[in-house]
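Descriptive structure summary
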Amino acid sequence: MENQNEESASTQPNQRLGSLSLEPQSTSSYQQTQKRNHPESPPPDESHVPPQSPKRSKNVNSSLPSFLSIFPQEIIVEILSNLPVESLLRFRCVARSWKSLITDPFFVKKHLEKTLNDPKFTKNRVLINTGNTQNQAQISIKSCSLNAIYEDPIVNSAGIEYPSKKGSRFDWIVGSCNGLICIAVRQDTVFLLNPTLRVFKRLPDLGFKKRRGCYTVYGFGFDASVDDYKVVRVFCYQSKGFEDGYESIVRVYSLRTSCWRRIQDFPFGIPCDEAGKHVDGSLNWAVFRGQEMGFSWIIVSLDLAQETYTEVLQPGYGDGASEKTLGILEGCLCVLCNYGRLYADIWVMREYGKRESWTKLFTVPYMPDPVPDFFSTPLFVSESGEILFHSGAKLILYNPKEKMFRIPVIHDDAAFYVEQAEIYVESLVSPTLINQNW
């Protein structure tokens, strides 16, 4: 059992800390530039101070090629904030002022906001945790374009680099948030990374090693009240004197402070062996709670700002409901409820925390296989209504209007099967210092 007296663990001195979107700054360099280039007019009774010499000005247009310097900096910022991350990484070489702009927290947030509100989802990708058919113990994480899954006859995928000596079936995608991805390696080592920037951060170890009778679940999300990304670790261990046979130790890691801190233990039942789902500043776990007649399936929420737990009330599923799966769809809490292996209903909570906002979106029939694999919760729904699932070893698309299934063909997919899938967006948010050397 892990050391319960250990209340925090700090990152080693040689590790880089912080995040582009987290560093406390009173005024960004871009905002300072705006003030320099648009000085306020002095009152009539005060002497006017001449503006700064152009040679000393550090606005976005300085040191640019002449054909670019004719554009106002507001126009340049607006254009750049609509571009893909890969293009922006190349454009850092155009001028020192552009490099400074692209790494500025104000610009990072502006670019992220535009990405999240893009109606064409051009910067959305699907993260796939894959197993190898020739070596089932080996796992690799890949990504591919979300639009390509819907539109291309053959989808190209790219490997995601993260610092694991060799991918194993114990490596798991905890979740994604604003372009950052959280990965747990063998349950005891956690990384935050931005695969587009190719930047990662290893979280401080807590000394836990995977062993019989114990398991760990994680959750990853954003606390907007303090502009901080947080990882929650729920360590579950067997205890004969406890109602459900397990007790828990819960710790929260803050990217802002770069340390773990113990909070109230998990108050309801046993978390299922799945990561918490991030919605509206909370993490949500599917939980088995012991009762006189057996176990019940409930949803437990942890508020990342208040660090308090509540039970999320569920909709009425009706008769015949069996296996349920918790997920996220369109930023809302989602439950897929199976009725045997005949069909599944998909419910979403339109207003988080309000039971009356649960809405049944779709009913999806199972394919007529001898023993069909259960669906995951939907990953995405296109504008035309086509639903993306993970089922068994494949990704599957279902068109409810035509009641047709199709399977996207991923290049070299004969060599691997899908263990897990997650949607993420490409962004400039970094888990390391603002002044990192990219």
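The present account deals with the structure reproduced in this document.

The rules behind these values
Residues numbered from 1 in each chain as written. Predicted model: local features only at pLDDT ≥ 70, side-chain atom pairs only at ≥ 80, totals over all residues. Heavy atoms only, no water. Helix = DSSP H or I, 4+ residues; strand = E, 2+ residues; numbered from the N terminus. Contact = heavy atoms within 4.5 Å. Areas by Shrake-Rupley, 256 points an atom, 1.4 Å probe, with all protein chains shown as cover. Buried < 20%, exposed > 50% of the residue type's maximum accessible area, 1.4 Å probe, protein only. Polar contact = N/O pair within 3.5 Å; in protein donor to acceptor, adjacent residues only side chain to side chain. Expected span 1.5 Å × (residues − 1). Arc of directions from axis to C-beta.

This part is about the overall build of the chain. Of regular secondary structure, the chain possesses seven helices and 25 strands. Across the chain, contacts joining residues at least 24 apart in sequence account for 54% of those joining residues at least 6 apart. On the chain, roughly 22100 Å² of surface is accessible, and the fraction owed to carbon and sulfur atoms is 51%.

What follows is about the environment of Asp171. Note on placement: Asp171 falls in strand β4 (residues 171-177). Using a relative accessible area of 0% as the deciding quantity, one classes Asp171 as buried. Sequence separation of Asp171 and Val190 is 19 residues, and the distance between their C-alpha atoms is 9.6 Å. Side-chain polar atoms of Asp171 contact the side chain of Tyr162, separated by 2.8 Å.

Its 12 residues place the ends of helix α6 (residues 105-116) 16 Å apart at the C-alpha level, agreeing with the 16 Å of an ideal helix rising 1.5 Å per residue. Those residues of α6 lying buried are Pro105, Phe107, Val108, His111, Leu112 and Thr115. Take α6 and look down its axis: the buried residues cluster within an arc of 160°, on one side only. In this structure, the buried residues of α6 make contact with α3 (73-80), α4 (85-91), α5 (96-102) and β25 (416-425). The N-cap of α6, judged by a side-chain oxygen 2.8 Å from the amide nitrogen of Phe106 a few residues on, is Asp104.

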